Amino acid sequence: MRDEYDFSKMKSRKNPYAKKLKKQITIRLAVETIDYFKGLAEESGLPYQTLIDLYLDDCARNNKKMELKWD
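Presented here is a report on the structure given in the accompanying data block. The structure presented is a predicted model; accordingly, all values stated were derived computationally and were not measured.

1. Some details on the environment of Phe7
Logical step 1: Structurally, Phe7 is set in the segment before helix H1 (31–44).
Logical step 2: In this structure, the C-alpha to C-alpha distance between Phe7 and Asn63, residues 56 residues apart in sequence, is 45 Å.

2. Quick word on unusual backbone geometry
Logical step 1: Residues other than glycine seldom take positive phi values, yet Asn63 does so here, at roughly 55°.
Logical step 2: Among the secondary structure elements, Asn63 is positioned in the segment after helix H2 (48–61).

3. A look at the pattern of salt bridges
Logical step 1: Under the criterion given, the structure shown has four salt bridges.
Logical step 2: Lys64 is the partner of Asp58 in a salt bridge, and the nearest nitrogen-oxygen pair spans 2.9 Å.
Logical step 3: For Lys69, the salt bridge identified is with Glu67, shortest N-O distance 3.6 Å.
Logical step 4: Given the relative accessible area of 63%, Lys69 is considered exposed.
Logical step 5: According to the relative accessible area criterion, Glu67 is exposed, its value standing at 65%.

Reading the values: rules and limits
- Residues numbered from 1 in each chain as written.
- Predicted model: local features only at pLDDT ≥ 70, side-chain atom pairs only at ≥ 80, totals over all residues.
- Heavy atoms only, no water.
- Helix = DSSP H or I, 4+ residues; strand = E, 2+ residues; numbered from the N terminus.
- Salt bridge = Lys/Arg side-chain N within 4 Å of Asp/Glu carboxyl O.
- Buried < 20%, exposed > 50% of the residue type's maximum accessible area, 1.4 Å probe, protein only.

None of the figures reported here should be taken as evidence of function without further support.
What follows is the structure, encoded as structure tokens:
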């Protein structure tokens, strides 16, 4: 292994994962919803925000529809 590397001669290239980057947003969720995902996070060892993202991604990929009832 070298003590120093010269990166000035490297060719730059675009990040191949740039399209898969996440966008930060602000969203209001019920306390019970957050508590639910935090509980799942403790069980699984994953951050609760990651679990929420995975769940919403699954809904979007599978085109899941909600049934809304106004009582």
